[in-house]
Amino acid sequence: MTRALIVDDEEDMRFLVRTVIEAANNGLEVAGEAADGDAAIAYWRAERPEVVVLDHRMPGLSGLEVAERILAESPEQRIILFSAYLDPETTAEATRVGVDLCLAKSDYSRLPEALWRLAPPA
Amino acid sequence: MATRSAGLTGGAIAVAAVLTAGGAIGARAAGSAADNARENGARRAATATTRAFAASVEGVRRTVDSVALLAPRIAASPTAPPAQLPGLLSERGVRAVAVLSATGHPAVVAGVLPEGLAAAALRADLAAALDVARDTGDPHAGVAGRDIAVVIPVYDGMVASTEARRTALTSWVVAVVDVKSLVGGATADGETAVLSVGGIPVTPAAKADGTSADVTVDLGGQPLQLVVTAPVEGGARAIAVVILLLGILGAAGALLVGAIAERALRRSRATTDALERETRTVAEIGPLLQQSLDLAEVLPAVAVRLSDEFQLESFAVELVGEHGEPVDVFSVGRRSVGDAEVFIAPEGIPAGVEVALPLLRAGRTIGRLRLAPRDHLSTIQVDALRGAADLIAVATYNVELYEREQATVRRLQELDTLKDAFLGTISHELRTPITAISGFTRMLNERWDDLSEEMRRDFLRRVGRNSASLGMLVDDLLDFARLERQALQTNVTPMPLDSVVAGFVAQVVPALGDHPVETDLASDVVALVDPRAIERVLANLLTNAAKFSPPGAPVEVALRKGEASAVLTVSDRGPGIAAEDRLRVFTRFYRGESDIARSTRGAGIGLAVVHELVTQMGGDIAVRGREPNGTTMVVRLPLAEPAETVIDDLPAPRGAEDLIPARSKP
C-alpha cells in the first residue's frame, strides 16, 4: 500500500484530495490529514507515510518550509507540492529544497498517477 | 466631475518693455556745459526710475502668473484658498485676490482691497476687462478705483471657442495690483510719475518741470505707461544703474532677473567699483549652484564666496522643512546661537549685527540666510544679498523637488512590487474555490451511482460554499476596482441595523466553515446605512475573523447604540493584529508583516474596501486587540436621528415627517 499524508489548511481541499485518492483505490490509501505545518511534521514523524501531499500557502509554516524540515530528517521522503498557484520562483525553490514533484491544484485528477509513480505500491 | 481650467496662455501677460530712455519732454535748452551735465543727470535719474518700475511690473507679472495657475483652486473654494496664496501676496505688488462668480456675489479671498474700493464695486469697475477675459480666455487688466486689476477667467472644463467660453465660465479670479507701491517704490524724492493704463491715467495728473523719461510695459494685455519727470534744479545726480541678468537656473528653468539700481547720490567711483564686484559675485553664484545637486557640496562654496566678498563675520544657510523644523545648516565663520532678527531695516545692516534674510520659494519659507557683516552694509549691498538669497532658494528648492521626485519613483516601485504580489495572491485565491467547485462537480458527475445520498448532499454543500466565497472575492475585486477609479459609492437610508445584520449573518454563516457566529444585537438602533455596503463590510469582517480563528472558535458580532453612533463589532479569538499594523491594515495590498498574515489567504484588498465603504457612509472603523488574544473590529455608523430632535426649537415645517433625517456627525 502507498499511504499519503494530506496537508492543506482548507478542509474542502483535504476532502477533495482524500476523495480522489480513495476513488482511485488500487493500492493507494490516505494515511491522515493535517491542517498546518506543525501538525503535518508531528504526524509525519509518527506515521512515516510513503508520500506527503503538501499545500504551499498555509498559516504558520509554508509548504516548502515543512518540506525542508522533513527532508532534513529524512532525505529519501517522497513529497508532492500541491499548490493553487505555482509560479516559476516557487517551482525553482521546490526543486532546490528537494521536493519530488509540483502539481497544480487544478490538476488534482492526476494526483493518483503521481502517487503511483513516486511510490509504487509494493 | 468636469475639469476646471483657468485662462492661462504662455506669454499672455508677458512684459514687453519698451524703454524710451532719453525721450525728453520739455527739456531745457542746453545753455552751458554745467546745464548739460545737470540735465543729463536728471534724465538718467528719470530713466533709472522707469527701469525700476519695469522691473517691479515684471515682479507683479510673476505674482499674477502664479495666481493664474492657482485660479481654478481659488475659484473652487474661495473660503479655503490654497495655502501658498498669502505668501504670494506678500511677495510682490498684488495686494488682494478676489473671486467674482458668474452669477453670485464677489468675495475677497486674500489680502485687503484698497481703501474706498468695495468688493462689490469690482464687478462694475472691471466690466469691460471681465468681458474681454471671458471671451479670450486670457488674463486681462482693467482699472478698479485707483488701482489696476488683472482678471483671470475660470471655466468648467476645457474650452476652445468664444461661444464655449461664454457658457462654461464659472467665475473670474481678480488680482488687485498695488499701484501706490508700484509707482511709489520706483520714484525718488522730487520726481513725479504719472501712470496710465490703456491711455487712462490712474495716478493724479501732476504738473512738473524737469526732464522726463517714459516706459511702456504690458500687463494683462494692457499697456501700462509711466512718465517720470525728474527735476533738473536738484543738480547733477550720479547715477549708476546695475542690471544683472542672473541666468537660467536649474530644472525649473527659473529665470531670475535681478536688477539692482544704484541711485544714491554722492557715491564715489570706488564705491561703484566695489558694488560692481559684489553684484558680479552674486551673478557668479548661479552657475556655482548649478554644478551639483548635492547641497552639502555647493552651499559651503557659496557661503565662502559671499562671506569673502561682503566681508561677513559670519554666514550661514539654514534650511527648514515643510513645518519649519530645521533640516540643515551650512555655515562659515563663528557659529551663532539663538534667533537672529529678520531683516527689515531700510538703512542697511550695521557692523556686527546679526540678521536673517528669508529664503522664499513657492509661497513658503524654505530657510534663511543668517549673517553678520564686519562693516556696515548699504541697502544696495543688502539688495545684492537678497538676490543671492533668491538664487539659493531656487537652487535648494530644485534639489528638494528632485528629491521629492526620487521619493515618488521609489514609492511607485514599491507599489509595483505590491501589485506583483497581489496578482500572485489573487490567482491563488481564485483558483482554490474554483478547484473545489470543479472537483466536486466532476466527482458527482463521474461517480453519482457510487455515492451515497448523504455524500452527494455533502458534495453539493461544498460546491455551494465555495461558489459563495468565490462570489465574495469577485465582489471585493469589483469594489476594489471601483475604489481605484474613485467610483465606489454608497446610498444611505435609515434602517434598523439589527435586522440588516442578523439577516446577513444568517446568509454568510455557511461560508465560515466550522466557525459558529455568536450575535448580541441591540434592537433599537436605526442607522443611516447602505444595506449593500453593510453586507460587503460584514462579509469581509466575518470571513477575516473566521480565517484567523483557531479551528472551531466562534466569531462574535455585537451591535449597540453609542452616544451619536451605532457601534458594530466583529471579534475573533485569532492571534491578533500587532499594534503597529493596526492602522496599516486598511491600506490596499497590505496584509501585515507577520508570518501568519503572509501565509494566510487574502488578497489585501478587503479591508481597504471596507474602510472606504464605512467612511462613505459617514462612519469610521478601528482595530482593537483583545485579551488574552484576538481582534475586535469596531465600526461606528451615524445614527438616524428623528427629524424633530435635529430641528430643535424651530417649528416643524410642513411635510417635515417625510424628510430624510439629517445625518448626525460620526
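Caption draft 1: Just the overall build of chain A, in detail. Each helix and strand in chain A was counted, giving 5 helices and 5 strands. When the helices and strands of chain A are listed from N to C terminus, the series reads β-α-β-α-β-α-β-α-β-α. A burial count over chain A gives 54% of its 122 residues as buried. A fraction of 66% describes how many contacts in chain A between residues 6 or more apart in sequence connect residues 24 or more apart. In the form shown here, chain A has an accessible surface area of approximately 5,100 Å², with 46% of it arising from carbon and sulfur atoms.

Caption draft 2: Summary view of the overall build of chain B. Along its length, chain B carries 15 helices and 25 strands. Expressed as a percentage of the 666 residues in chain B, the buried residues total 46%. Considering only contacts within chain B whose residues lie at least 6 apart along the sequence, 65% involve residues at least 24 apart. Of the accessible surface of chain B, which amounts to about 32,300 Å², a share of 53% is contributed by carbon and sulfur atoms.

Caption draft 3: The packing of aromatic side chains, seen in detail. With the rule as written, the count across this model stands at 3 aromatic pairs over all chains. Look at Phe15(A) and Phe440(B): their rings are 5.9 Å apart centre to centre, the planes differ by 35 degrees, and that puts the pair in the tilted class. Of this pair, Phe15(A) sits in helix α1 (residues 11-24) while Phe440(B) sits in helix α9 (residues 379-447), which puts the two residues in different chains. Its relative accessible area of 0% is what places Phe440(B) among the buried residues. An aromatic cluster is present here, built from Phe15(A), Phe440(B) and Phe459(B) joined pairwise through their rings. One cation-aromatic arrangement involves Arg48(A) over Trp44(A); the distance from NZ or CZ to the ring centre is 4.0 Å.

Caption draft 4: Summary view of the sheet that holds strand β20 (residues 517-521) of chain B. Residue and element names in this part refer to chain B. Overall, mixed pairing links the 5 strands, which are arranged β20-β22-β23-β25-β24 in an open sheet. The open sheet has two free edges, formed respectively by β20 and β24 (620-625), since each of these has just one partner strand. When the angles between neighbouring strand axes are averaged without regard to direction, this sheet yields 15 degrees. Pairing geometry for strand β22 (residues 555-561) and strand β23 (residues 565-572), over 6 bridges, is antiparallel. Following the sheet pairing, Arg 560 is matched in β23 by Val 567. Strands β20, β22, β23 and β25 (631-638) of the sheet are contacted by helix α11 (residues 497-508), whose axis makes an angle of about 170 degrees with β20.

Caption draft 5: Focus on the interface of chain A and chain B. The interface of chain A with chain B comprises 20 residues on the first partner and 22 residues on the second. Our count for the contact surface shared by chain A and chain B stands at 4 salt bridges. Across the salt bridge formed by Arg462(B) and Glu11(A), the nearest N and O atoms sit 2.7 Å from each other. The interface formed by chain A and chain B includes 7 residue pairs in polar contact (both at pLDDT 80 or more). Class assignment of the residues belonging to the side of chain A that touches chain B gives a composition of 10 nonpolar, 4 polar and 6 charged.

Caption draft 6: Looking closely at the pattern of salt bridges. A complete count under the given rule lists 36 salt bridges over all chains for this structure. Between Arg45(A) and Glu73(A) there is a salt bridge, and its shortest N-O distance comes to 2.6 Å. Taken together, the residues span a long stretch of sequence, with Arg45(A) in helix α2 (residues 37-47) and Glu73(A) in helix α3 (residues 63-73) at a distance of 28 residues. Taking relative accessible area as the criterion, Arg45(A) reaches 47% and is therefore assigned partly exposed. Where Asp450(B) meets Arg447(B), a salt bridge forms, and the shortest distance between an N and an O atom there is 4.0 Å. Through salt bridges with shared partners, a single ionic network connects Glu11(A), Asp12(A), Asp458(B), Arg461(B), Arg462(B) and Arg465(B).

Caption draft 7: Geometry of unusual backbone geometry. Even without a glycine there, the phi angle at Arg48(A) is positive, about 45 degrees. Positive phi, close to 50 degrees, is recorded for Gln311(B), a residue that is not glycine. Here Gln311(B) is to be found in the loop between α8 (295-309) and β14 (312-320). Taking the relative accessible area as the measure of exposure, Gln311(B) reaches 39% and is therefore partly exposed.

Caption draft 8: Structural context of the pairing of strand β10 (residues 211-219) of chain B. Residues and elements named next belong to chain B. For β10, a buried count of 7 out of 9 residues is recorded, marking the element as mostly surrounded by other parts of the structure. Pairing of β10 with strand β11 (residues 222-230) involves 9 bridges; the strand directions are antiparallel. Paired with Leu 219 across the strands is Gln 222, a residue of β11.

Caption draft 9: Examining α8(B) more closely. All names here are of chain B. Counted at 1.5 Å a residue, the expected span for α8 with its 15 residues is 21 Å, and the 21 Å between its end C-alpha atoms agrees. Of all the residues in α8, the buried ones are Leu 295, Val 298, Leu 299, Val 302, Ala 303, Leu 306, Ser 307 and Glu 309. An end-on view of α8 places all buried positions within 160 degrees of arc, on one side of the element. In α8, the exposed residues that point more than 90 degrees away from the buried face are Glu 297 and Asp 308.

Caption draft 10: Geometry of the packing of α2(A) against α3(A). All names here are of chain A. For the pair α2 and α3, the least separation of the axes is 10 Å and the interaxial angle reads 25 degrees. Judged on the interaxial angle alone, α3 and α2 are roughly parallel. Once α2 is placed against α3, the crossing between them reads as right-handed. Between α2 and α3, the residues in contact are Gly 37, Ala 40, Ile 41, Trp 44 and Arg 45 and Val 66, Arg 69, Ile 70 and Glu 73, respectively. When the residues that make up the contact of α2 with α3 are grouped by side-chain class, the tally is 5 nonpolar, 1 polar and 3 charged.

Caption draft 11: Examining the confidence of the model for chain A more closely. Of all residues in chain A, 99% have pLDDT values of 70 or greater, and the mean over the chain is 91. The secondary structure element of chain A with the lowest average pLDDT is α1(A), at 91, and the one with the highest is strand β3 (residues 51-54) of chain A, at 96.

Caption draft 12: Examining the nonpolar core more closely. Residues and elements named next belong to chain B. Counting residues in each nonpolar core, the largest one holds 51 residues, and the members touching the most others are Leu 497, Leu 541, Leu 542 and Leu 637. Broken down by element, the residue count for this core peaks at 9 residues, all from helix α12 (residues 531-548). Counting 47 residues, the second-largest nonpolar core is a separate cluster that includes Leu 85, Ala 175, Val 177 and Leu 219.

Caption draft 13: Highlighting the pairing of strand β2 (residues 28-34) of chain A. All names here are of chain A. Of all 7 residues that make up β2, 5 are buried, and the element is covered over most of its length. Across 6 bridges, strand β1 (residues 2-7) lies against β2 in parallel orientation. The partner of Ile 6 across the bridge, within β2, is Glu 33. Between the parallel pair β1 and β2, the chain is carried across by α1, and the sense of this crossover is right-handed.

Caption draft 14: Structural detail: the confidence of the model for chain B. Residues and elements named next belong to chain B. In the predicted model, chain B carries a mean pLDDT of 75, and 79% of its residues have values of at least 70. Low confidence marks residues 1-31, where pLDDT is under 50. Its contacts with residues over four positions away, or in another chain, come to 81 contacts. Two summary scores accompany this predicted model of the complex, namely pTM at 0.46 and ipTM at 0.89.

Caption draft 15: Expanded view of the environment of Arg96(A). Residues and elements named next belong to chain A. Turning to its location among the elements, Arg 96 is positioned in helix α4 (residues 88-97). Looking at Arg 96, the relative accessible area reads 54%, which means it is exposed. Along the sequence, Arg 96 and Glu 68 sit 28 residues apart, while their C-alpha atoms lie 9.6 Å from each other.

Caption draft 16: Structural detail: the environment of Val634(B). All names here are of chain B. With respect to the helices and strands, Val 634 occurs in strand β25. For the pair formed by Val 634 and Ala 622, sequence separation is 12 residues and the distance between their alpha carbons is 5.2 Å. Ignoring sequence-local partners within four residues, the contact set of Val 634 consists of Val 567, Leu 568, Thr 569, Asp 620, Ile 621, Ala 622 and Arg 624.

Caption draft 17: Seen up close, the sheet that holds β1(A). Residues and elements named next belong to chain A. Strands sit in the order β2-β1-β3-β4-β5 across an open sheet of 5 strands; the sheet is parallel. Both outer strands of the open sheet, β2 and β5 (101-104), are each paired with one neighbouring strand and no more. Across the sheet, the mean angle from the axis of one strand to that of its neighbour is 25 degrees, orientation sign disregarded. Note: strand β4 (residues 78-83) against β5, 4 bridges, orientation parallel. Looking across to β5, one finds that Phe 82 is bridged to Leu 103. Packed on one face of the sheet, helix α5 (residues 111-118) meets β1, β2, β3, β4 and β5 and runs near 160 degrees to β4.

Cut-offs used in this document
Residues numbered from 1 in each chain as written. Chains lettered and ligands numbered in written order. Predicted model: local features only at pLDDT ≥ 70, side-chain atom pairs only at ≥ 80, totals over all residues. Heavy atoms only, no water. Helix = DSSP H or I, 4+ residues; strand = E, 2+ residues; numbered from the N terminus. Buried < 20%, exposed > 50% of the residue type's maximum accessible area, 1.4 Å probe, protein only. Contact = heavy atoms within 4.5 Å. Areas by Shrake-Rupley, 256 points an atom, 1.4 Å probe, with all protein chains shown as cover. Phe/Tyr/Trp six-rings, centres within 6.5 Å; stacked < 30°, edge-to-face > 60°. Lys NZ or Arg CZ within 6 Å of the ring centre and 35° of its normal. Pairing = 2+ DSSP bridges. Axes fitted to C-alpha atoms, helices over the stretch in contact; angles between N-to-C directions. Salt bridge = Lys/Arg side-chain N within 4 Å of Asp/Glu carboxyl O. Polar contact = N/O pair within 3.5 Å; in protein donor to acceptor, adjacent residues only side chain to side chain. Nonpolar A, V, L, I, M, F, W, Y, C, P; charged D, E, K, R; others polar. Expected span 1.5 Å × (residues − 1). Arc of directions from axis to C-beta. Parallel < 35°, antiparallel > 145°, perpendicular 65-115°, else oblique. Left-handed = near helix turned anticlockwise from the far one by under 90°. pLDDT = per-residue confidence, 0-100. Core = buried A, V, L, I, M, F, W, Y, C linked by side-chain atoms within 4.5 Å. Right-handed = clockwise from strand over helix to strand, strands pointing away.

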